[in-house]
Amino acid sequence: MSEGRNLVGVDIGSSAIKIAQIKEGRKGYGLVRLGYAPLAPQAIVDGHVMNAQAIVEALGRAFSEAKIRQREIALSISGQAVIIRKITVPLMTAAELDEQIQWEAEQHIPFDIKDVHVDYEVLRRRPEAGQMDLLLVAAKRDEINDYTQIARTAKLKPMVVDIDAFTVQNLFEVNRGIPPDQTFAIINVGASLASINIVSRGASAFTRDIGNGGNYITEQIQRKLGISFEQAEEFKCASVTSGPGGVPAQVIETIEQVCDSIAGEIQRSLDFFLATSGEGDMHRIYLTGGSSNLPALPAAIGRRARVAVEPIQPMERITVEAKEVNQELLRLRAAQFCVSLGLAMRKDREKRS
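Below: a short report on this structure.

Parameters and conventions
Residues numbered from 1 in each chain as written. Predicted model: local features only at pLDDT ≥ 70, side-chain atom pairs only at ≥ 80, totals over all residues. Heavy atoms only, no water. Salt bridge = Lys/Arg side-chain N within 4 Å of Asp/Glu carboxyl O. Helix = DSSP H or I, 4+ residues; strand = E, 2+ residues; numbered from the N terminus. Buried < 20%, exposed > 50% of the residue type's maximum accessible area, 1.4 Å probe, protein only. Core = buried A, V, L, I, M, F, W, Y, C linked by side-chain atoms within 4.5 Å. Contact = heavy atoms within 4.5 Å. Phe/Tyr/Trp six-rings, centres within 6.5 Å; stacked < 30°, edge-to-face > 60°. Pairing = 2+ DSSP bridges. 1 Å grid on protein atoms, 1.4 Å probe; cavity = no way out; pocket = protein on both sides within 12 Å on 5 of 7 lines; lining within 4 Å. Points joined across faces, edges and corners; volume = space filled by probe spheres on them. Nonpolar A, V, L, I, M, F, W, Y, C, P; charged D, E, K, R; others polar.

### Details of the pattern of salt bridges
(1) Moving on: Scanning all chains against the criterion turns up 18 salt bridges.
(2) Moving on: Measuring nitrogen to oxygen at the nearest pair gives 3.3 Å for the salt bridge that ties Lys236 to Glu233. Pair noted here: Lys236 and Glu233 are both in helix H6 (residues 229–241), with a separation of three residues, about one helical turn.
(3) Moving on: With a relative accessible area of 8%, Lys236 lands in the buried category.
(4) Moving on: Lys323 serves as the salt-bridge partner of Glu324, at 3.6 Å between the closest nitrogen and oxygen.
(5) Moving on: According to the relative accessible area criterion, Glu324 is partly exposed, its value standing at 34%.
(6) Moving on: Counted as one network, the salt bridges with shared partners bring together Arg176, Arg284, Glu310 and Glu316.

### Things to note about unusual backbone geometry
For residues besides glycine, phi is generally negative; the peptide bonds are generally trans as well.
(1) Moving on: Here Gln42, not a glycine, exhibits a phi torsion of approximately 70°, which is positive.
(2) Moving on: Looking at where Gln42 falls in the secondary structure, it is placed in the loop between strand S4 (28–38) and strand S5 (44–45).
(3) Moving on: With relative accessibility at 57%, the residue Gln42 sits in the exposed group.
(4) Moving on: One non-glycine residue, Arg201, lies in the positive phi region at around 55°.

### Quick look at the nonpolar core
Burial of nonpolar side chains together is a common tendency in soluble globular proteins.
(1) Moving on: The biggest cluster of nonpolar side chains holds 36 residues, and the ones touching the most others in it are Val10, Ile12, Ile17, Ile55, Leu59 and Phe63.
(2) Moving on: Those elements giving two or more residues to this core turn out to be strand S2 (8–12), strand S3 (16–25), helix H1 (52–66), strand S7 (72–77), strand S8 (82–90), strand S10 (131–140), helix H3 (141–153) and helix H4 (164–176).
(3) Moving on: In terms of residue count, the dominant contributor to this core is H1 (eight residues).
(4) Moving on: Setting aside its immediate chain neighbours within four residues, Ile12 contacts Ile17, Leu39, Ile44, Ile55, Leu59, Leu75 and Tyr147.
(5) Moving on: Core analysis: the second largest hydrophobic core is formed by 35 residues, Val189, Ile252, Val258 and Leu287 among them.

### Things to note about the packing of aromatic side chains
(1) Moving on: The tally for this structure, following the rule as stated, stands at six aromatic pairs.
(2) Moving on: Taken together, the ring pairs connect Phe172, Phe184 and Tyr286 into an aromatic cluster.

### Remarks on the pairing of strand S13 (residues 194–200)
(1) Moving on: Taking burial as the measure, the seven residues of S13 include seven buried ones, the bulk of the element.
(2) Moving on: Every second residue of S13 is oriented toward a common face, with Ala194, Ile196, Ile198 and Ser200 on one face and Ser195, Asn197 and Val199 on the other, all of them buried.
(3) Moving on: Direction of pairing for strand S12 (residues 183–189) relative to S13: antiparallel, over a ladder of seven bridges. Paired with Ala185 across the two strands is Ile198, which belongs to S13.
(4) Moving on: Taking the residues between adjacent antiparallel strands as the criterion, S12 and S13 are bridged by four residues.
(5) Moving on: Across seven bridges, the pairing between S13 and strand S14 (residues 203–210) is antiparallel. For Asn197, the partnering residue across the bridge sits in S14 and is Thr207.
(6) Moving on: Taken together, S13 and the strand that follows it, S14, pair antiparallel across an intervening segment of two residues, in which Arg201 is found at a positive phi of about 55°.

### Section: the pairing of S7
(1) Moving on: S7 sits mainly inside the fold: five of its six residues count as buried.
(2) Moving on: Bridging between S2 and S7 involves two bridges; their strand directions are parallel. Of the residues in S7, the one forming a bridge with Gly9 is Ala74.
(3) Moving on: Across six bridges, the pairing between S7 and strand S11 (residues 157–163) is parallel. Note on S11: the bridge partner recorded for Ile73 is Pro158.

### Points about empty space enclosed by the protein
(1) Moving on: Under the criterion given, the structure shown has one cavity of 30 Å³ or more.
(2) Moving on: Looking at the largest cavity, its volume works out to about 40 Å³.
(3) Moving on: Phe172, Asn175, Arg176, Tyr286, Glu310, Pro311, Ile312, Gln313 and Glu316 are the residues that line the largest cavity.
(4) Moving on: Among the secondary structure elements, those contributing two or more residues to the lining of the largest cavity are H4 and strand S16 (309–311).
(5) Moving on: A class-by-class count of the residues in the lining of the largest cavity yields four nonpolar, two polar and three charged.

Have a look at this one:
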């Protein structure tokens, strides 16, 4: 449950920083500012900060160009620094759970409990069984400290650290609602990884990050054609804007091959969930992230999963409310702003529901 002022959503990805500022009114959410700044290659590798100064400078540029004065922000992390588990515990009060959660976390988290921040959300209470289902999240303190320190160096004030997969789910819920009787997947394919979040019976039931994304596609184009990473990235992007005829045939072949490989990894995660959860069929797959713009990716995922794949429309229920919003940036990169928009829905004062 939230009250107070919306935070600025800051998504520090491995290829770019995406920033969104929204305000919530009686008629819903309105977008008032949007910022974007590309990051130097290798500034972030596998979610780890490698070049803090480059990120600080990019944050400063993005805030300045977007004319965002608010300093209070929400950040997110993903990848190997985060462990998410759905667990079942005996039914207890909120106070008892707060006391017990560290012990429960020790049983399920493969990190030293002293090295992680732990949080949880009650998914479902089942009085008839004397049990309750929790979503347990642990994030490495070092990783959180790296990101929050970068924000502070950029003269920002981090108030919230969230998880990428959950921020996209928050945005999806605002736009579409969460059908209580369906099982569906929300997949965010970014530059360095793909985040899978399976929602079942109205709540997140399974999450997994796959360590391949848009950069992997670019690297394979680079290797196959013997060109620079920058040239390979240009070819990859041109295949979307110019169509297949605008780039060498070998680029299209490589994109299709690598997208099929990524789709195969995604499918293995979906199969694992269906085999271990007892749930029936997957009703639909919703896709977002910069790499979702490649037509070959949704086609490959749909072909393997035999389920309809639909792009997430991040602005479905959000109106553009200020002339300062760069409409061309939003049009070209909408799929890359899902995490920052979801983060921007967080507030500076929140209490556990």
